[in-house]
Amino acid sequence: MIPENFYYRIIKAEEAEYAARMEQICFPPEEAWPKELMIERIIKIPEMTLVVEDTETKKIVGMINGIATNEDKFCDDFIADVSRHNPNGRNLMITGVQVLPEYRHKGLAKELMMRYLRQEKAKGRSKAFLTCLEDKIEMYKKMGFQDYGIVSSSWAGMKWHEMTCVLSSTFVQPESGQIL
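Reading the values: rules and limits
- Residues numbered from 1 in each chain as written.
- Predicted model: local features only at pLDDT ≥ 70, side-chain atom pairs only at ≥ 80, totals over all residues.
- Heavy atoms only, no water.
- Helix = DSSP H or I, 4+ residues; strand = E, 2+ residues; numbered from the N terminus.
- Buried < 20%, exposed > 50% of the residue type's maximum accessible area, 1.4 Å probe, protein only.
- Contact = heavy atoms within 4.5 Å.
- Areas by Shrake-Rupley, 256 points an atom, 1.4 Å probe, with all protein chains shown as cover.
- Core = buried A, V, L, I, M, F, W, Y, C linked by side-chain atoms within 4.5 Å.
- Pairing = 2+ DSSP bridges.
- Axes fitted to C-alpha atoms, helices over the stretch in contact; angles between N-to-C directions.
- Right-handed = clockwise from strand over helix to strand, strands pointing away.
- pLDDT = per-residue confidence, 0-100.

## With respect to the overall build of the chain
Helix and strand counts for the chain come out as five helices and seven strands. In the chain, the order of α-helices and β-strands from amino to carboxyl end is β-α-α-β-β-α-β-α-β-α-β-β. Per-residue burial for the chain yields a buried fraction of 51% across its 180 residues. Within the chain, contacts between residues separated by at least 24 positions form 68% of all contacts whose residues are at least 6 apart in sequence. Taken as a whole, the chain presents about 8800 Å² of accessible surface, with 52% of it coming from carbon and sulfur.

Written out as structure tokens, the structure reads:
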């Protein structure tokens, strides 16, 4: 079921500070991106961040971001170095999925992911990659990702799993309404 009363769109550069604060709310301090990295990414490549806005409060309540590349393995540099983004890259490296705590368990993360995958498939991307902690593996499997085990990421000193999803024609057609 698609969550109602929400609007999906590309982030605006002037929302970068808010997005950086949201990152700090959604993740423990050791996992959250430094504020400067989030702001730089949104200012330089806003088209790579899809947000969901509550239509009643007009507040951004979730977002997903990433970069495009021709590489086939996720690495920490995709988070730390926005210059790794290649607008013509064949693959999508998802670097963050955030939903504010009071909006979780409403299907927003899944809907954000499906819309983002469709958006990037329409740009010619063929695969999506992400890393997650063990407690999120089942959630991402339900979104079409396959777990490839522990990767050599050193982000926050934790053990991250790499997950991959082939962007097939399934992601091209929105379930309802506009993609953005």
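## Some points on the nonpolar core
With 52 residues, the main nonpolar core has Ile94, Met113, Leu117, Tyr140 and Phe145 as its most contacted residues. Sorting elements by how many residues they give to this core places helix α4 (residues 108–122) first, with seven residues. The contacts of Ile94, once residues within four sequence positions are left out, are Ile64, Asn65, Gly66, Phe74, Met113, Tyr116, Leu117, Ala128, Phe129, Leu130 and Phe145.

## Looking at the sheet that holds strand β2 (residues 49–54)
Overall, mixed pairing links the seven strands, which are arranged β1-β2-β3-β4-β5-β7-β6 in an open sheet. The two strands at the open ends of the sheet, each matched to only one other strand, are β1 (6–10) and β6 (146–150). Going from strand to strand, the sheet's axes swing by 25 degrees on average, the running direction of each strand aside. Sheet topology places strand β5 (residues 127–132) next to strand β7 (residues 161–166); six bridges connect them, and they run antiparallel. The partner of Cys132 across the bridge, within β7, is His161.

## Overview of the side chain of Thr69
With respect to the helices, strands and loops of the structure, Thr69 is situated in strand β3 (residues 59–69). Beyond its immediate chain neighbours, meaning those up to four positions away, Thr69 contacts Phe78, Arg84, Asn86, Gly89, Arg90, Asn91 and Met93.

## Focus on the environment of Met22
Following the sequence through the fold, Met22 ends up in helix α1 (residues 16–26). For the pair formed by Met22 and Gln98, sequence separation is 76 residues and the distance between their alpha carbons is 7.8 Å.

## Considerations on the pairing of β5
The buried fraction of β5 is high, at five of six residues. The sheet contact formed by strand β4 (residues 91–99) and β5 spans three bridges and is parallel. Within the sheet, the bridge partner assigned to Asn91 lies in β5 and is Lys127. For the handedness criterion, the β-α-β arrangement of β4, α4 and β5 is classed as right-handed.

## Remarks on the confidence of the model for the chain
On average, residues of the chain score 87 in pLDDT, and 89% of them are at 70 or above. The secondary-structure element of the chain with the lowest mean pLDDT is helix α3 (residues 77–80), recorded at 77, while β2 shows the highest, at 97. Low pLDDT, under 50, characterises residues 171–180; the predicted model gives this stretch 27 contacts beyond four residues in sequence or across chains.

## Section: unusual backbone geometry
Among all residues save glycine, negative phi is the norm, and among peptide bonds the norm is trans. Backbone geometry places Lys58, a non-glycine residue, at a positive phi of 65 degrees. Along the chain, Lys58 falls in the loop between β2 and β3. For Lys58, a relative accessible area of 57% translates into the label exposed. Positioned with a positive phi, His105 is a non-glycine residue whose angle comes to about 65 degrees. The topology assignment puts His105 in the loop between β4 and α4. Judged by its relative accessible area of 84%, His105 falls in the exposed class.

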